[in-house]
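What the coordinates show
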Amino acid sequence: MNLKDIKLTNPYLELPKLCYEKVNPSPLTKPFLIHANDEVAKMLNIDISDHNELTQFVNGELKLQGADNFAMCYAGHQFGHYVPRLGDGRAINIGTVINEHNEQYHLQLKGAGETLYSRSGDGRAVLRSSIREYLMSEAMHGLGIETTRALAIIGSEHGVYRETWERGAIVLRVSPSWVRFGTFEYFAHTKNFKELEALADYAINESYPHLNDEPNKYLHFFSEVMGKTARLMAKWQSVGFNHGVMNTDNMSIHGLTIDYGPYAFLDDYDINFICNHTDQNGRYSFGNQPRIGEWNLRALMLALEPLVKREQLEKVINNYGRLYSRYFLYLMGRKLGFDEVSDKDFNLMKQLFGALESLHVDYTLFFRTLSHYTSERKELLSLCLLHTPMNEWLDEYDIRLKENRSSTKERHERMLKINPKYVLKNYMLQEAIEDAENGDFKKVDALFTIAQNPFAEHKEFERWAGKTDDKFKNLKLSCSS
Ligand code: AMP
Ligand code: MG
């Protein structure tokens, strides 16, 4: 369907007025299209072949039928401290598309100017952070991890000041839900319980419609959010993804990865890795993520107390650790190529993590290499500083593999579809960003290709499949974006 024929809806605007502020985007000067996502266009049933029109649309200049633009209000715990009001300070919602499968996607322009919630910010996003979000959300999707996505990214000549003058960009983000844990916190902390209940009904309808007729539906709602969060945390850990800013305003009620900031994929396995330069105490370190998932769920739980009895919510959250472990065990069992997995495999996994850490082994490359493993160990050992701990682990692994009924060939095929050859490491993104800042977007295109299909061989991009050069390992990024 052509952009001009689309009729948008605005379900969020049926909520009480305190939930949002109506605001129009402020376009960037001299916008140009950097990349468009054909898969997302197809999912939305939008024809994006006219790039001029698409650019105008992403720049907020082309208003579609039914568009009624707004920013959402929310609060949140940032690094453990409650901030009474945050909200979409630089994201403007431009309407909702319902596709032929009756799926609903909300469109949002990130970097489209100031809103009521901008506080001291300028409502803008710079090119580097926009490229990071655009590519990474697609990479997470490619890995089978729940995430928001993006339809397109535009650059511009619009000056935006951070530590120095940079250029503004806009990403058109797409999601089945933009409701955050912090959205609930806002109404609970301001004691606006009517709004809180309306929001809970809205979120149930949007993300968990099967709960609509349940008695005690708010309790079930919390339980489902907990389940999705536990699963998301297990998925992040299994691929070695460090989000970096797990504030409650960056936690999705729908269980999606949202708001990509200073994130990173692990280079060498390191449980204590911190990707966020400003996170000096490592609150959001790689290894802390599952625990922070629980901490954030507890903040959500307190916000839901006006709607559900505390004891009932406590019973649900007390199950988080067990649920997380189940998901993690299952995912790691698959990465290791086991037909079935059981609690006794935890020991083998622990031993492996210990070896990977002490031997400074690249996390992604290890599992990809293991996906070709027969009994020949040379390649795996070449990834390790010392051979003995890895040989000891492989002895145990060989014994464990004998429990598989499937053939070695079947195991390899399965593992190659689970253990990616490529993840978007920070040094790769950095290369693409440096070129982009000089007007060359070829590497953005290339990284997009591998992001969408990280399990394919892509012989032409082989150099990105190896271990990270020492000088680029463990890059930390700041929140500035
Ligand atoms: P983030 O850490 O990017 O998720 O942002 C945290 C809060 O700060 C959210 O309320 C954002 O909308 C807001 N924010 C971040 N950057 C800006 C900016 N440049 N202008 C206005 N608000 C911003
Ligand atoms: Mg955020």
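Anything mentioned here points back to the structure above.
Residues numbered from 1 in each chain as written. Chains lettered and ligands numbered in written order. Predicted model: local features only at pLDDT ≥ 70, side-chain atom pairs only at ≥ 80, totals over all residues. Heavy atoms only, no water.

Describing the overall build of the protein chain
Looking only at helices and strands, one finds 16 helices and 13 strands in the protein chain. Here the protein chain has a C-alpha radius of gyration of 23 Å; the compact-globule value for 481 residues is 23 Å, and the two agree. By principal-axis analysis of the C-alpha atoms, the protein chain measures approximately 65 × 55 × 45 Å. The buried share of the protein chain, taken over its 481 residues, is 60%. Counting contacts in the protein chain only where the partners sit at least 6 residues apart, residues at least 24 apart contribute 71% of the total. In the form shown here, the protein chain has an accessible surface area of approximately 20000 Å², with 50% of it arising from carbon and sulfur atoms. (Helix = DSSP H or I, 4+ residues; strand = E, 2+ residues; numbered from the N terminus. Rg over C-alpha atoms; globule rule 2.2 N^0.38 Å. Buried < 20%, exposed > 50% of the residue type's maximum accessible area, 1.4 Å probe, protein only. Contact = heavy atoms within 4.5 Å. Areas by Shrake-Rupley, 256 points an atom, 1.4 Å probe, with all protein chains shown as cover.)

Remarks on the environment of Ser 480
Structurally, the position occupied by Ser 480 is in the segment after helix H16 (442-452). Through-space distance from the C-alpha of Ser 480 to that of Val 126 is 9.2 Å; in sequence the pair is 354 residues apart. Ignoring sequence-local partners within four residues, the contact set of Ser 480 consists of Arg 128, Arg 162 and Glu 163.

Remarks on empty space enclosed by the protein
Any space left empty among the atoms is revealed by the rolling of a water-sized probe across them. With the rule as written, the count across this model stands at 7 cavities of 30 Å³ or more. Approximately 110 Å³ is the volume found for the largest cavity. Along the walls of the largest cavity sit 15 residues, with Tyr 12, Phe 70, Asn 93, Thr 96 and His 106 positioned nearest its centre. Only strand S3 (70-72), strand S6 (91-98), strand S7 (104-110) and helix H5 (193-207) provide two or more residues apiece to the lining of the largest cavity. Looking at the lining of the largest cavity residue by residue, the classes come out as 8 nonpolar, 6 polar and 1 charged. The space that makes up the second largest cavity amounts to roughly 70 Å³. For the lining of the second largest cavity, the per-class residue count stands at 8 nonpolar, 2 polar and 1 charged. (1 Å grid on protein atoms, 1.4 Å probe; cavity = no way out; pocket = protein on both sides within 12 Å on 5 of 7 lines; lining within 4 Å. Points joined across faces, edges and corners; volume = space filled by probe spheres on them. Nonpolar A, V, L, I, M, F, W, Y, C, P; charged D, E, K, R; others polar.)

A word on the layout of surface pockets
Quantified by volume, the largest pocket comes out at close to 1100 Å³. As for the largest pocket, its lining consists of 47 residues, of which Arg 90, Lys 110, Arg 119, Cys 479 and Ser 481 are closest to the centre. Listed by contribution, the elements that provide at least two residues to the lining of the largest pocket are helix H3 (127-142), strand S11 (165-175) and helix H15 (426-437). Among the elements that line the lining of the largest pocket, the one with the most residues is H3, at 5 residues. Of the residues belonging to the lining of the largest pocket, the class tally is 14 nonpolar, 16 polar and 17 charged. Looking at the second largest pocket, its volume works out to about 400 Å³. What lines the second largest pocket is a set of 17 residues, among which Ile 271, Gly 287, Pro 290, Tyr 324 and Phe 328 lie closest to the centre. Secondary-structure elements contributing two or more residues to the lining of the second largest pocket are helix H7 (289-304), helix H9 (320-335) and helix H10 (345-358). When the residues that make up the lining of the second largest pocket are grouped by side-chain class, the tally is 11 nonpolar, 3 polar and 3 charged.

Topic: the packing of aromatic side chains
For the structure on display, the rule yields 28 aromatic pairs. Arranged with centres 5.7 Å apart and planes meeting at 25°, the rings of Phe 461 and Trp 464 form a pair that is stacked. Of the two residues examined, Phe 461 and Trp 464, each falls in the buried class. Through pairs of rings, three or more aromatic residues link up here, namely Tyr 269, Phe 286, Tyr 324, Phe 328, Phe 338, Phe 353, Tyr 363, Phe 366, Phe 367, Tyr 373, Trp 393 and Tyr 397. The ring centre of Tyr 263 lies 4.1 Å from the NZ or CZ of Arg 132, which sits over that ring. Positioned above the aromatic ring of Phe 338 is the side chain of Arg 400, whose terminal nitrogen or guanidinium carbon lies 3.9 Å from the ring centre. (Phe/Tyr/Trp six-rings, centres within 6.5 Å; stacked < 30°, edge-to-face > 60°. Lys NZ or Arg CZ within 6 Å of the ring centre and 35° of its normal.)

Some words on the nonpolar core
As a rule of thumb, nonpolar side chains are buried together in soluble globular proteins. Within the largest apolar cluster, 162 residues are counted, with the highest numbers of intra-cluster contacts made by Leu 151, Phe 184, Leu 370 and Tyr 397. Broken down by element, this core gets its largest block of residues, 12 residues, from helix H6 (residues 217-239). Excluding residues within four positions of it along the chain, Phe 184 makes contact with Val 179, Leu 196, Leu 199, Ala 200, Ala 203, Phe 221, Ile 253, Leu 300, Ala 303 and Leu 304. (Core = buried A, V, L, I, M, F, W, Y, C linked by side-chain atoms within 4.5 Å.)

A word on unusual backbone geometry
Within the chain, Asn 102 stands out as a residue other than glycine whose phi angle is a positive 65°. Along the polypeptide, Asn 102 turns up in the loop between S6 and S7. For His 458, which is not a glycine, the phi torsion comes out positive at approximately 40°. Locating His 458 in the fold gives a position in the segment after H16.

As for the side chain of Ser 129
Here Ser 129 shows up in helix H3. On the accessibility criterion, Ser 129 (13% relative accessible area) is buried. Within the structure, Ser 129 has its side chain in polar contact with the backbone oxygen of Val 126 (distance 3.2 Å). (Polar contact = N/O pair within 3.5 Å; in protein donor to acceptor, adjacent residues only side chain to side chain.)

Observations concerning the packing of H6 against H9
Taken N-terminus to C-terminus, the directions of H6 and H9 make an angle of 40°; their axes are 8 Å apart at the nearest point. The angle between H6 and H9 falls in the class oblique. The two elements H6 and H9 meet at a crossing, and its hand is right-handed. For the pair formed by H6 and H9, the contact residues are Met 226, Gly 227, Ala 230, Arg 231, Met 233, Ala 234, Lys 235, Gln 237 and Ser 238 on the first element and Tyr 320, Leu 323, Tyr 324, Tyr 327, Phe 328, Leu 331, Met 332 and Lys 335 on the second. Here the contact of H6 with H9 is composed, by residue class, of 11 nonpolar, 3 polar and 3 charged. (Axes fitted to C-alpha atoms, helices over the stretch in contact; angles between N-to-C directions. Parallel < 35°, antiparallel > 145°, perpendicular 65-115°, else oblique. Left-handed = near helix turned anticlockwise from the far one by under 90°.)

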